[in-house]
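One letter stands for each residue in the lines below.
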Amino acid sequence: MKLVRRLNSQLPETNEWFNHFLGRDFFMEPEQYFGKNNRQPQVNIKETDDNYHIDVAAPGYEKADFNIEIDNNLLTISVEKEMEQKDANTMYSHNEYHYGSFKRAFTLPKGKINESNIVAKYNNGILNIEIPKTEEAKPKPKRILDIN
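Residues numbered from 1 in each chain as written. Predicted model: local features only at pLDDT ≥ 70, side-chain atom pairs only at ≥ 80, totals over all residues. Heavy atoms only, no water.

1. Comments concerning the overall build of the chain
Per the secondary structure count, the chain includes 4 helices and 7 strands. For the chain, the sequential pattern of α-helices and β-strands runs α-α-α-α-β-β-β-β-β-β-β. Counting across all 148 residues of the chain, residues that qualify as buried make up 22%. For the chain, the proportion of contacts with a sequence separation of at least 24, taken over those separated by at least 6, is 53%. For the chain, the exposed area adds up to about 12,500 Å²; of that, 48% sits on carbon and sulfur atoms. (Helix = DSSP H or I, 4+ residues; strand = E, 2+ residues; numbered from the N terminus. Buried < 20%, exposed > 50% of the residue type's maximum accessible area, 1.4 Å probe, protein only. Contact = heavy atoms within 4.5 Å. Areas by Shrake-Rupley, 256 points an atom, 1.4 Å probe, with all protein chains shown as cover.)

Here is the structure:
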């Protein structure tokens, strides 16, 4: 007996061209395809000894489009922007990106960040936020005790 792997189980007898244009994505509900998770920008978070770094992939925006707030240890990044109106004569065979509104929120560690020194920069489609740690939150150097 052979094991046969099918590339597209929903439409196994269709050709490659048909799958590209009318494959599984065509039959999904709009909310599933364009759901909440697909509309939020992707984020990388990194922690160093001195800082937390948040990088948000958000190409197509301007610096003035971003609103960054901190309230009760909740960092909120949002953009309120109307989606561009498409030309009525333009027909897309496949369209995945948009420059609409989004909102992301991150809980910051209580008592471990220096709110007054947070810095945000937007360059080449990436929003970089650097959140410095308080002195108490930074790792202490290793200490060797003498035995008396």
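The rest of the description comes next.
2. Quick notes on the sheet that holds strand E3 (residues 66–71)
Spatially, E3-E4-E5 is the arrangement adopted by the 3 strands of the open sheet, whose pairing is antiparallel. Because the sheet does not close on itself, it has two edges, and the strands there are E3 and strand E5 (102–107). Geometrically, the sheet is characterised by an average inter-axis angle of 15 degrees between neighbouring strands, direction not taken into account. (Pairing = 2+ DSSP bridges. Axes fitted to C-alpha atoms, helices over the stretch in contact; angles between N-to-C directions.)

3. A look at the confidence of the model for the chain
For the chain, the mean per-residue pLDDT works out to 77, and 68% of the residues sit at or above 70. For residues 23–38, every residue scores under 50 in pLDDT, and the model assigns this stretch 18 contacts once sequence neighbours within four places are set aside. (pLDDT = per-residue confidence, 0-100.)

4. Overview of the pairing of strand E7 (residues 126–132)
The pairing of strand E2 (residues 51–57) with E7 spans 7 bridges and is classified as antiparallel. Of the residues in E7, the one forming a bridge with Asn51 is Pro132. Bridge count between strand E6 (residues 119–123) and E7: 5 bridges; the pairing is antiparallel. Paired with Lys121 across the bridge in E7 is Asn128. Taken together, E6 and the strand that follows it, E7, pair antiparallel across an intervening segment of 2 residues, in which Asn124 is found at a positive phi of about 55 degrees.

5. Focus: the pairing of E3
Relative to strand E4 (residues 74–79), E3 runs antiparallel, the two being bridged by 6 bridges. Following the sheet pairing, Asn67 is matched in E4 by Ser78.

6. A closer look at the sheet that holds E6
Sheet architecture is open: 4 strands sit in the order E1-E2-E7-E6, paired in antiparallel fashion. Two strands in the sheet have a free side with no partner beyond their single neighbour: strand E1 (43–47) and E6. The average angle at which neighbouring strand axes cross in this sheet is 15 degrees, direction not considered.

7. Here's the deal with the environment of Val119
Position of Val119 among the secondary structure elements: in strand E6. For the pair Val119 and His53, spaced 66 residues apart in sequence, the C-alpha separation works out to 9.9 Å. Leaving out residues up to four positions away in the same chain, Val119 has contacts with Asn128, Ile129 and Glu130.

8. Observations regarding the packing of aromatic side chains
Across all of its chains, the model carries 4 aromatic pairs by this definition. Here Phe66 and Tyr122 contribute two aromatic rings whose centre-to-centre distance is 4.9 Å and whose plane-to-plane angle is 50 degrees, an arrangement assigned as tilted. Of this pair, Phe66 sits in strand E3 while Tyr122 sits in strand E6; the two residues are 56 residues apart in sequence, bridging distant segments of the chain. The burial state of Phe66 is the same as that of Tyr122; both residues are buried. (Phe/Tyr/Trp six-rings, centres within 6.5 Å; stacked < 30°, edge-to-face > 60°.)

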